[in-house]
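Here is how the chains run, residue by residue.
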Amino acid sequence: MTARVFLNGQWLAAEDARVSVMDRGFLFGDGVYEVIPVYSRQPFRLEQHLARLQHSLDGIQLANPYRLDEWIGFVTQLAGEAEWEDQSIYIQVTRGPMAVRNHAFPKEITPTAVILAEVMNTPPANQREQGIAAVSAADIRWLRCDLKTTSLLANCLLRQLAVSAGCVETVLFRDGFLTEGSASSIFVVKNGVLLAPMKNHLMLPGITYDVVLELAARHGLPHEVRDITEAETRNADELWMCSSTKEVLPIVTLDGRKVPNGTQSAGAGGTPGPVFAQMYAWYQEFKATVMRAG
Ligand code: PDD
């Protein structure tokens, strides 16, 4: 069975779920979205994802078409009936269709709301065990990167830079500071201290980022949340990326240069570091505890 798709209050077969070509999401990228990981049919950090959805909707001045308890009901229902145990649930809300193409908002707005499930592919073991390669680029996105909008062209172009170079992620710098990845949050480890860029309008407030910082606090790993320079990033002992679908992954080369990851000698490194191994274990243990609690 292919999971049904939620479209504006109706549950439909995917091939029957259709949206107008005049939808502002299609024509302008005028919408917001969320990606929620589901493990063993249990949505992970659902309320936090829905709170961020509200933040994104507020940021684009679009009224939420559903109450929190309604969203929870829809997502839980889909998680229960989709064909996979582990899923990634995608939510999108756009400002809906317009009669005539016009940048200004229509007077009457009928938002388009979609929820669909896809199989969750956590990263293959070799990415976790051997680490991944990343490139860097200037962060060319707009100044409201705290909103999870569907206008993702800049993110797509930036991500493609990595893929074209045979890498997994693009690490972004703006005005000499680390912001995030094209589709992930980035952490630095230096001298045993975990460094996280401070949340602001230049990065998405990552749900996985929050989990990583909570785990650091809980287990007494020294950590600092502050602006991180490009030089600090390039001289990191360890670099990690994290997101709802990738969980936490070690970056072992940046622009072809090995990240030392705990090794001291020049030219060594290029394998995952010890602090990453610790965080990965804490993350898996935390996930298992949350899932057991139900
Ligand atoms: N993206 N920063 C950006 C630009 C992202 O697109 C994402 C996730 C993150 C990490 O956020 P979270 O931990 O809440 O997933 C940070 C999702 C997975 C996507 O667009 O598919």
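Residues numbered from 1 in each chain as written. Predicted model: local features only at pLDDT ≥ 70, side-chain atom pairs only at ≥ 80, totals over all residues. Heavy atoms only, no water.

## What to know about the site of the ligand
- As a matter of local geometry, the ligand sits amid 20 residues, with Tyr33, Arg52, Glu180, Thr208 and Ser244 nearest to it.
- One nitrogen or oxygen atom from the side chain of arginine 52 is found 2.8 Å from an oxygen atom belonging to the ligand.
- When grouped by side-chain class, the residues that make up the shell around the ligand number six nonpolar, ten polar and four charged.
- Looking at the shell around the ligand, you find at least three residues from each of domain 1 (5-119) and domain 2 (125-293). (Near = heavy atom within 4 Å. Polar contact = N/O pair within 3.5 Å; in protein donor to acceptor, adjacent residues only side chain to side chain. Nonpolar A, V, L, I, M, F, W, Y, C, P; charged D, E, K, R; others polar. Domains from an automatic or database assignment.)

## Notes on the environment of aspartate 16
- Position of aspartate 16 relative to the elements: it lies in the loop between β2 (10-12) and α1 (24-28).
- By relative accessible area, aspartate 16 is classed as partly exposed at 49%.
- Along the chain, aspartate 16 and arginine 4 lie twelve residues apart, while their C-alpha atoms are 9.6 Å from each other. (Helix = DSSP H or I, 4+ residues; strand = E, 2+ residues; numbered from the N terminus. Buried < 20%, exposed > 50% of the residue type's maximum accessible area, 1.4 Å probe, protein only.)

## Brief notes about the packing of helix α2 (residues 46-59) against helix α3 (residues 68-81)
- Their axes nearest at 11 Å, the elements α2 and α3 cross at an angle of 125 degrees. Here α2 is positioned oblique relative to α3, judged by the angle of their axes. The two elements α2 and α3 meet at a crossing, and its hand is right-handed. Contact with α2, carried on its side by Leu46, Glu47, Leu50 and Leu53, involves Leu68, Trp71, Ile72, Val75 and Thr76 of α3 and no other residues of that element.
- Counted by class, the contact of α2 with α3 contains seven nonpolar, one polar and one charged residues. (Axes fitted to C-alpha atoms, helices over the stretch in contact; angles between N-to-C directions. Parallel < 35°, antiparallel > 145°, perpendicular 65-115°, else oblique. Left-handed = near helix turned anticlockwise from the far one by under 90°. Contact = heavy atoms within 4.5 Å.)

## Regarding the pairing of strand β13 (residues 238-243)
- The element β13 is extensively covered by neighbouring structure, given that six of its six residues are classed as buried.
- Residues Glu238, Trp240 and Cys242 line one face of β13 and the alternating positions Leu239, Met241 and Ser243 line the opposite face, and both faces are buried.
- Strand direction decides the pairing type here: strand β10 (residues 185-190) and β13, joined by five bridges, are antiparallel. Following the sheet pairing, valine 189 is matched in β13 by glutamate 238.
- Examined bridge by bridge, β13 and strand β14 (residues 247-254) share five bridges and lie antiparallel to one another. Across the sheet, the residue bridging to cysteine 242 is valine 248, located in β14.
- Counting the residues that bridge the hairpin from β13 to β14 gives three residues. (Pairing = 2+ DSSP bridges.)

## Regarding the domain arrangement of the protein chain
- According to the domain assignment, the protein chain contains domain 1 (5-119) and domain 2 (125-293).
- In this structure, domain 1 and domain 2 have C-alpha centres spaced 27 Å apart.
- Of the residues lining the interface, 23 residues belong to domain 1; the matching set on domain 2 comes to 21 residues.
- Here domain 1 and domain 2 share an interface that buries about 2,000 Å² over both sides, 61% of which is from carbon and sulfur atoms.
- Between the two partners, domain 1 and domain 2, sit one salt bridge.
- The residue arginine 45 makes a salt bridge to glutamate 214 at a minimum N-O spacing of 2.9 Å.
- The tally of links from domain 1 across to domain 2 stands at ten residue pairs in polar contact (both at pLDDT 80 or more).
- A per-class count over the side of domain 1 that touches domain 2 returns nine nonpolar, ten polar and four charged. (Buried area = accessible area lost by both parts, 1.4 Å probe. Salt bridge = Lys/Arg side-chain N within 4 Å of Asp/Glu carboxyl O.)

## Some points on the pattern of salt bridges
- Summed over all chains, the structure comprises 20 salt bridges.
- For glutamate 70, the salt bridge identified is with arginine 67, shortest N-O distance 3.8 Å.
- One salt bridge connects aspartate 210 with lysine 199, and the closest N-O pair in it is separated by 2.8 Å. With aspartate 210 in helix α6 (residues 207-218) and lysine 199 in the loop between β11 (193-196) and α6, the pair connects residues that are eleven residues apart, well separated along the chain.
- A relative accessible area of 24% places aspartate 210 in the partly exposed class.
- Residue lysine 199 is classed as partly exposed on the basis of its relative accessible area, which comes to 38%.
- Because the salt bridges share partners, they merge into one network encompassing Asp139, Arg141, Arg174 and Glu180.

## Let's talk about the side chain of arginine 141
- Among the secondary structure elements, arginine 141 is positioned in the loop between β7 (132-138) and α5 (153-164).
- Setting aside anything within four residues of it in sequence, one finds arginine 141 in contact with Ala154, Asn155, Leu158, Leu172, Arg174, Thr179, Glu180 and Leu202.

## Let's talk about the packing of aromatic side chains
- For the structure shown, the criterion picks out 14 aromatic pairs.
- Taken together, a centroid distance of 5.7 Å and an interplanar angle of 75 degrees make the contact between phenylalanine 6 and tyrosine 66 edge-to-face. Of this pair, phenylalanine 6 sits in strand β1 (residues 5-7) while tyrosine 66 is found in the loop between α2 and α3, placing the two residues 60 residues apart along the sequence. Like phenylalanine 6, the residue tyrosine 66 is buried in the burial classification.
- With 5.9 Å between their ring centres and 35 degrees between their planes, phenylalanine 276 and tyrosine 280 make a pair best called tilted. Residue phenylalanine 276 and its partner tyrosine 280 are located together in helix α8 (residues 274-293), separated by four residues, close to a single helical turn.
- If you follow arginine 95 out to its NZ or CZ, it ends over the ring of phenylalanine 105, 3.6 Å from the centre. (Phe/Tyr/Trp six-rings, centres within 6.5 Å; stacked < 30°, edge-to-face > 60°. Lys NZ or Arg CZ within 6 Å of the ring centre and 35° of its normal.)

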